[in-house]
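# Tertiary structure, described
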Amino acid sequence: MQSRTLKNFLNYAIGDILIKGFLFISMPIFSYLFDPIQYGYYSLINNSIIILYVFISLNLQNAVINRCMITKKNLYSYLSTIIYFIIPFQIILILFEPFYSAFISYYLGINQKDFIFILIICIMLTYIYIYTAYLQASSQSYHYIMINTISKIIETILIFYFAYFLTSNKYMSKIYAQIIINIIIIIYIIVSFKFKFSKFKFKYLKEALIFSIPLMGHVISNALLAQIDKIIISKFIGLYDAGIYSFTYNFSICIIIIIIAWNSAWRPNFYYFLNNKNYCVIKKITYGSTILIFLTCIISMLFSKEMIYFLSSYKYHSSIPILPLIIIGNALIHIYLIYVNFLFYKRKTIIISCATFGVLIINIILNYYLVPKFNITGSACSTIISYFFLALLNYSITTYITKNNIISFKYLIFYTIGLLSTYPIILYLNNLNLIISLLIKFIIFSIIIMFIKKFAILKLLNN
């Protein structure tokens, strides 16, 4: 019988693959509707939503996930308290928007007139993500992926519709589409979620904020780690290169999908095994998942050139050498999550935030130094170095400070060396004759599939 962990992992992965698969198919349409400059500003709008959401929501969806993983007792009372608090907080944000929008808009690289739309979107996302956090933490992966998949597909279709008819400011297609789909989801949640409001309890608010606010530094630092490079590129080089880099980054997102899907399914069970001191099981599953994700990254790098050629217009083909580097950087998130899960278990949110913020500073410095010299290649290299240090720092903290880490440092070293050593091979294959290149790539792909099958890696994770 299939384990619940693998079942949830497959649900999360299939849902995200459906979303990203649809986005992959849609990439040629994006490249047709948006030139690199337009796509550059479109990505800045998207980045702003991701970054500002953390502050506007106070990161409370993570408090809901943590609470549900520990206990579901008095859940309605806990959720009611959060909602009673967040509504007046967000009303204050709207009222004072004219006083801070210009300052924030400047540093995010967006127009001030667009800020109010982003604020409204983030407020709506707060309640959507609190609900989906509850679904995720209670292992209702099917309902979780249904909401995410259907909403994202409809949102993308709406973006295409508005972008096609807009003669200027095509980025507004993202704003219009996001607001419309958010309204639909909120109506669905109100109708389907039989929620009973309870009395406000200060102890639940205190519990939620003690977990969520210290973790905001970690979440916002992670968001900035993924987004700050695009902002710096737009300021140093221009929106054209920011558009090329952002477009390329979307191809690498498939790796993040698999990593996050696995971690979402694995973490509740990781807590269970750690509570029961089943260290052998943790080590075995970590070993299997790391090999599987490593090989998936190799396959993605192997066919990175073909992805860009077939899924984008010629305007974006200059990004071919960059994509494998971005994949490597995002692949290191898996190793980071292996170590940081031990800190989440200990609820060391302040330590997590400080570590992530420290690496964010490193990333900003590297981008400021490397982007003017090496353009978007410098930004891709900054991402690799930053995520390596993030994993290294979390390994050191869990090994020497909290002392609850049981996973070897060798995972980080061999995983990183393996990916980096593959990069020159990929560049070499991409420069060969098309037929020869594809033949060699399919041979390597077949060997990887046979390796996975022979050593029963999926069976290991299933058992």
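- Under an unreviewed UniProt entry, the name given to the chain is Polysaccharide biosynthesis protein, and the source organism is Candidatus Arsenophonus lipoptenae.
- In its Subcellular location (unreviewed entry) section, the UniProt entry covering the chain states "Cell membrane".

### Points about the side chain of N341
- Position of N341 relative to the elements: it lies in helix α13 (residues 323–346).
- Excluding residues that lie within four positions of it along the chain, N341 makes contacts with N263, W266, R267, F270 and Y271.

### Considering the packing of aromatic side chains
- This structure, assessed with the given rule, holds 39 aromatic pairs.
- Ring geometry for Y245 and Y249: centres 6.3 Å apart, planes at 35°, overall tilted. Linking Y245 with Y249, this pair stays in helix α10 (residues 239–275), spanning four residues, or about one helical turn.
- Both rings, one in Y395 and one in F409, keep their centres 5.0 Å apart while their planes meet at 40°; by these two values the pair is tilted.

### Considering a positive patch on the surface
- Side chains of K73, K199, K201 and K203 sit close together on the surface and give a patch of like positive charge.
- Take K199: it is sitting in the loop between α8 (172–192) and α9 (202–236).
- On the basis of relative accessibility, which here comes to 70%, the residue K199 falls in the exposed class.

### Here's the deal with a nonpolar patch on the surface
- There is a patch of nonpolar side chains on the surface, built from I87, I91, I92, L95, F96 and F99 and spanning about 650 Å² of accessible area.
- Counting residues per element, the nonpolar patch draws most heavily on helix α4 (residues 75–95), at four residues.
- If you trace the backbone, I92 turns up in helix α4.
- The exposure class of I92 is partly exposed, given its relative accessible area of 46%.

The rules behind the values
- Residues numbered from 1 in each chain as written.
- Predicted model: local features only at pLDDT ≥ 70, side-chain atom pairs only at ≥ 80, totals over all residues.
- Heavy atoms only, no water.
- UniProt positions renumbered as here; feature names shortened; annotations may be inferred.
- Helix = DSSP H or I, 4+ residues; strand = E, 2+ residues; numbered from the N terminus.
- Contact = heavy atoms within 4.5 Å.
- Phe/Tyr/Trp six-rings, centres within 6.5 Å; stacked < 30°, edge-to-face > 60°.
- Patch = residues over 30% accessible without salt bridge, like charges linked within 9 Å, V, L, I, M, F, W, Y side chains within 5 Å.
- Areas by Shrake-Rupley, 256 points an atom, 1.4 Å probe, with all protein chains shown as cover.
- Salt bridge = Lys/Arg side-chain N within 4 Å of Asp/Glu carboxyl O.
- Lys, Arg positive; Asp, Glu negative; His and termini not counted.
- Charge placed at Lys NZ, Arg CZ, Asp CG, Glu CD.
- Buried < 20%, exposed > 50% of the residue type's maximum accessible area, 1.4 Å probe, protein only.

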